[in-house]
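Summary of the model geometry
Each chain, written out:
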Amino acid sequence: MRVWHFSETAYPYLPPAEDYDSIRITLPNRYFDPVKGAELYNRYLDEWLIAEDEGLDIIVNEHHQTATCIDPAAPLILSALARQSTKARLLILGNPLANRKNPVRVAEEMAMVDVLSEGRLDVGFVRGVPYEVLPANSNPARMNERMWEAIDLINEAFTRHDGPFSFEGDFFHFRNVNIWPRPYQQPTPPIWVSSTSPGGARQIGARGYRLATFLTGFDGTRKVYDSYREGWRAAGLGDDVPTDRLSYSGMVYCADTEEEAYKGAEKLLWYVTSNKVPGHLANPPGYVPTAANLQIMRGAEHPLKAFQQKPSVENAIEKGIMFAGTPDQVYGQFKRMYDYVGGFGNFLMMGQAGFLEHDETVAGVKKFAREVYPRLQADFPGTRVSGY
Amino acid sequence: MRHRKTLKTGVELDVFDKGKGEAVLYLHGFVGFSEQDAFVEPVTSGHRLIAPTHPGYGDAPVPKWLDSTADAAFIYWSLLDELEIDSFHLVGSALGGWIATEMATMSPDRVKSLTLVSPVGVKLGARDALDIPDLYKLSNEDLYQAFFSDKTDATFDPDSMSDEEVVAFIRSREAVALYAWEPWMHNPKLRHRIPRIAVDTVLARGAEDKIVAKWYADGFAELFPNATRTEIAGAGHDLLHDAPDELAKLVMQRLGSR
């Protein structure tokens, strides 16, 4: 088991939620104080480096035009980390390919970070969450098709080394692809793709890429992993799916006492509670299939929606989206999730969110890294085969 | 009547086809085509009304290569060729007005008359303001009301709609995104092609239209060599659904010309 420290680099200093319609897309940037922003960037970078010192790996992400994440260019923060860190693996999850007009540029950025970090890059590709289409002015129609074509092009750019090649697909057209530098890792850095739906997971499994899923809880995660394994086997990649192909992401706070841990965990809930976005911005046309939109119109809710109405640490633990308590408790919660979903070799740890201050973040990370992580590494090695 | 037609190119189209006589091609707006008697009855008495459903609306498969109103325009030319209709009256509303204008720039001699109702498709205003409001920043309720005038009771209530109607609404939002997302609601080339359209053109607009502004309709009409403007009092954006009798009157005035 590898555990990766994640902060979504939130800017939490906002007026009361009643004062704005949406925390994403339309929130005026007059609420962003650049001086506080500078402190936050440096603080979040420090926390990633402390996590590295504690033996954890590093994951970064990006979002646009939102206070929930002030990293709109993950390759930039990643390049700072590539220079400042020395041993952690660096996962970017990810490059929002359906919204990037030039996949060759993405290949160049990723190859550069891989070389600068001497081969420590894990490169993630994502379609981009629904809130991203307006900021990117990206057509929500055919996003999946664009993402997969871009991944194919980037893969070719990574692996072809005999001078220029051309690429003329349905969406992307290049006459001369010949990236300098090429990746440090051969043939490519490990490739990750995220999905929280069984349909998406099946396609990722069929290609053998690493799958990341976020806050999908017990049953959601199990369905996503089942589909991944089905896709993997149907594509003839073998009967055994190694656990290191699968990852899960949830909130984690660990302390000596349950009371202390819940205090930190409470602050992590900002992650799911501070996401006020009106429905029409959260669900652009074509982002989800027509049939799913019909279900939404008929009252179906995202599994997290009910939780957001009544958020609590206990409820979050019960749903399998949070792991909080003493080291023994956290280990037990992990084991329960691991066994239920058939195992995973990576855990993306949301160890910082919203108003969780620096000292609190570091205390939680250290407690986890020192008293839980060694047990997870020993009991759940990434070489295990996933399944029940 | 309405049927699924497979063109020689393999494109599948849902086409409403009724009546005999001079052909009228009606291209629907943001809301899909539906057989409003007040519009269909007068037009089909003595004329042939052909009203295709734009690819992306309805449940016909969408060609993988289709992503623009010009693509739709070429498909409709193929439809007319296969129906052996040489010349016809062309009527388009909103998105359909954009497709109609694209069609007319391609083969202006085959168009007997052009009637545009609150069309979109060109950029006329300032660089830092949208000519057509961002429909995707409206809730479903607000969006639905924007198609109608205030006099019409246009409450969006999915609970009172059949699954088929809800799906049609969802598909219409998806289709408009496919055609009009970027550049938003226009083809930058189109205004430079419009001077090819010498035929008599009427550009109409419901005076209560909340989507296409009067200044936009005026400016759009000025791009044509021979266009006149008309405002329809009391009507909202989508005449087919908000004021079908007014739409019928407008079209009937045009038939028999040239």
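Bear in mind the structure is a predicted one, so any value in this text is a computation, not a measurement.

What counts, and at which threshold
Residues numbered from 1 in each chain as written. Chains lettered and ligands numbered in written order. Predicted model: local features only at pLDDT ≥ 70, side-chain atom pairs only at ≥ 80, totals over all residues. Heavy atoms only, no water. UniProt positions renumbered as here; feature names shortened; annotations may be inferred. Helix = DSSP H or I, 4+ residues; strand = E, 2+ residues; numbered from the N terminus. Patch = residues over 30% accessible without salt bridge, like charges linked within 9 Å, V, L, I, M, F, W, Y side chains within 5 Å. Areas by Shrake-Rupley, 256 points an atom, 1.4 Å probe, with all protein chains shown as cover. Salt bridge = Lys/Arg side-chain N within 4 Å of Asp/Glu carboxyl O. Lys, Arg positive; Asp, Glu negative; His and termini not counted. Charge placed at Lys NZ, Arg CZ, Asp CG, Glu CD. Expected span 1.5 Å × (residues − 1). Buried < 20%, exposed > 50% of the residue type's maximum accessible area, 1.4 Å probe, protein only. Phe/Tyr/Trp six-rings, centres within 6.5 Å; stacked < 30°, edge-to-face > 60°. Lys NZ or Arg CZ within 6 Å of the ring centre and 35° of its normal. Pairing = 2+ DSSP bridges. Axes fitted to C-alpha atoms, helices over the stretch in contact; angles between N-to-C directions. Contact = heavy atoms within 4.5 Å. Buried area = accessible area lost by both parts, 1.4 Å probe. Polar contact = N/O pair within 3.5 Å; in protein donor to acceptor, adjacent residues only side chain to side chain. Core = buried A, V, L, I, M, F, W, Y, C linked by side-chain atoms within 4.5 Å. Parallel < 35°, antiparallel > 145°, perpendicular 65-115°, else oblique. Left-handed = near helix turned anticlockwise from the far one by under 90°. Nonpolar A, V, L, I, M, F, W, Y, C, P; charged D, E, K, R; others polar.

Time to look at the UniProt feature "domain: AB hydrolase-1" (unreviewed entry) in chain B. The UniProt entry lists residues 24-249 of chain B under the feature "domain: AB hydrolase-1" (unreviewed entry), expressed in the numbering used here. Structurally, residues 24-249 of chain B comprises 36% helix and 15% strand, and the distance from its first C-alpha atom to its last is 14 Å.

Right, let's get into a negative patch on the surface. Residues and elements named next belong to chain A. A cluster of like negative charges, contributed by Glu-258, Glu-259, Glu-260, Glu-266 and Glu-314, occupies part of the molecular surface. It is helix 8 (residues 258-268) that provides the largest number of residues to the negative patch, a total of four residues. Summarising the element assignment, Glu-258 is placed in helix 8.

Further remarks concern helix 5 (residues 163-180) of chain B. Helix length check: helix 5 of chain B (18 residues) gives 26 Å between terminal C-alpha atoms against 26 Å at 1.5 Å per residue, within 8%. Judged by how many residues are buried, helix 5 of chain B sits mostly within the fold: 13 of 18 residues are covered.

Turning our eyes to something else, we now look at the packing of aromatic side chains. For the coordinates displayed, the defined rule picks out 34 aromatic pairs over all chains. Note on Phe334(A) and Phe368(A): the rings are 6.0 Å apart at their centroids and 40 degrees apart in plane angle, and the pair reads as tilted. Residue Phe334(A) is found in helix 14 (residues 327-341), and its partner Phe368(A) is found in helix 15 (residues 358-371); the two are separated by 34 residues along the sequence. For Phe334(A), a relative accessible area of 1% gives the class buried. Consider the rings of Trp77(B) and Phe88(B), whose centres lie 5.6 Å apart with planes at 70 degrees: the pair is edge-to-face. Within this pair, whereas Trp77(B) is found in helix 2 (residues 69-82), its partner Phe88(B) is found in strand 5 (residues 88-93), the two being separated by eleven residues in sequence. For Trp77(B), a relative accessible area of 6% corresponds to the buried category. For Arg229(A), the ring lying beneath its charged end belongs to Tyr388(A), and the centroid distance is 5.2 Å. Cation over ring: Arg375(A) sits above Tyr331(A), and NZ or CZ is 4.0 Å from the ring centre.

Attention now goes to the pattern of salt bridges. Scanning the model with the defined rule gives 34 salt bridges over all chains in all. With a closest N to O distance of 3.1 Å, Glu109(A) and Arg100(A) form a salt bridge. Beyond isolated ion pairs, a larger network of salt bridges with shared partners links Arg205(B), Lys214(B), Asp218(B), Arg229(B) and Glu231(B).

For the rest of this paragraph, the subject is the sheet that holds strand 1 (residues 2-6) of chain B. All names here are of chain B. An order of 1-2-4-3-5-6-7-8 is seen for the eight strands of this open sheet, with the pairing classed as mixed. Unpaired on one side and paired on the other, strand 1 and strand 8 (227-232) mark the two borders of the sheet. Along the sheet, successive strands turn relative to each other by an average axial angle of 25 degrees, direction set aside. This element, helix 7 (residues 214-222), spans strand 7 (201-206) and strand 8 of the sheet and lies at about 160 degrees to strand 8. Strands strand 3 (22-27), strand 4 (47-52), strand 5, strand 6 (111-117), strand 7 and strand 8 of the sheet are contacted by helix 9 (residues 244-254), whose axis makes an angle of about 155 degrees with strand 6.

In this complex, chain B contributes 28 residues to the contact, which on the side of chain A involves 21 residues. Both faces considered, chain B and chain A share a buried interface measuring about 2000 Å² in area, 58% of it formed by carbon and sulfur atoms. On the chain B side of the contact with chain A, Ile170(B), Glu174(B) and Trp181(B) bury the most area, a combined 31% of that side's loss. Counting across the chain B and chain A interface gives two salt bridges. In this structure, Asp163(B) and Arg298(A) form a salt bridge, with 2.9 Å as the shortest nitrogen-oxygen distance.

Further remarks concern the environment of His241(B). Residue and element names in this part refer to chain B. Secondary-structure assignment places His-241 in helix 8 (residues 239-242). Along the primary structure His-241 and Asp-14 are separated by 227 residues, whereas in three dimensions their C-alpha atoms are 19 Å apart. Those residues within four positions of His-241 in sequence are excluded, and the remaining contacts are Val-31, Gly-32, Ser-34, Gln-36 and Phe-148. A polar side-chain atom of His-241 sits 2.8 Å from a polar atom in the side chain of Ser-34.

What follows concerns the nonpolar core. Core analysis: the largest hydrophobic core is formed by 119 residues, its most contacted members being Met251(A), Met322(A), Phe344(A), Phe347(A) and Phe368(A). No other element matches helix 5 (residues 143-159) of chain A, which puts eight residues into this core. Excluding its chain neighbours within four sequence positions, the residues that come into contact with Phe344(A) are Met1(A), Tyr225(A), Thr243(A), Leu246(A), Ser247(A), Tyr248(A), Phe334(A), Met337(A) and Tyr338(A). Residues Ala73(B), Ile170(B), Ala180(B) and Phe224(B) belong to the second largest nonpolar core, which totals 76 residues.

On to the side chain of Thr361(A), then. Residue and element names in this part refer to chain A. Tracing the sequence through the fold places Thr-361 in helix 15. For Thr-361, a relative accessible area of 1% corresponds to the buried category. Within the structure, Thr-361 has its side chain in polar contact with the backbone oxygen of Leu-356 (distance 3.4 Å). Sequence-distant contacts of Thr-361, that is, excluding residues within four places in its chain, are made with His-5, Arg-43, Glu-47, Gly-351, Gln-352 and Leu-356.

Residue and element names in this part refer to chain B. Where helix 1 (residues 37-44) meets helix 9, the closest approach of the two axes is 7 Å, and the angle between their N-to-C directions is 25 degrees. The orientation of helix 1 relative to helix 9 falls into the category roughly parallel. Relative to helix 9, the crossing made by helix 1 is right-handed. In this structure, helix 1 uses Ala-38, Phe-39, Pro-42 and Val-43 to contact helix 9, whose residues at the interface are Pro-244, Asp-245, Leu-247, Ala-248, Val-251 and Met-252. The residue makeup of the contact of helix 1 with helix 9, split by class, is nine nonpolar, no polar and one charged.

Below, the discussion takes up the pairing of strand 3 of chain B. Remember that side chains alternate between the two faces of the sheet whenever the strand is regular. All names here are of chain B. With five of its six residues buried, strand 3 lies for the most part within the structure. Note that strand 3 and strand 4 share four bridges and pair parallel. Counted as the bridge partner of Val-24 is Leu-49 from strand 4. As defined by bridge partners, strand 3 adjoins strand 5 across four bridges and the pair is classed as parallel. Paired with Tyr-26 across the two strands is Val-91, which belongs to strand 5.

We now examine unusual backbone geometry. Residues and elements named next belong to chain A. Cis geometry marks the peptide bond from Leu-93 to Gly-94; its omega dihedral reads -5 degrees. Locating Gly-94 in the fold gives a position in strand 3 (residues 90-96). Residue Pro-187 is reached from Gln-186 by a cis peptide bond, and omega for that bond is -5 degrees. Note that Pro-187 resides in the loop between strand 6 (173-177) and strand 7 (191-194). Although it is not a glycine, Glu-118 sits at a positive phi angle of roughly 55 degrees. Within the secondary structure, Glu-118 is located in the loop between helix 3 (103-116) and strand 4 (121-126). Relative accessible area serves as the criterion here: at 59%, Glu-118 is assigned to the exposed category. Within the chain, Leu-215 stands out as a residue other than glycine whose phi angle is a positive 50 degrees.

Residue and element names in this part refer to chain A. Look at helix 3 against helix 5: their axes get within 9 Å of each other, and the N-to-C directions meet at 50 degrees. Considering the angle they form, helix 3 stands oblique to helix 5. Judged by the sense of rotation from one axis to the other, the crossing of helix 3 with helix 5 is right-handed. Contacts between helix 3 and helix 5 involve Pro-103, Val-104, Val-106, Ala-107, Met-110 and Ala-111 from the former and Ala-150, Leu-153, Ile-154, Ala-157 and Phe-158 from the latter. Partitioned by chemical class, the residues of the contact of helix 3 with helix 5 number eleven nonpolar, no polar and no charged.

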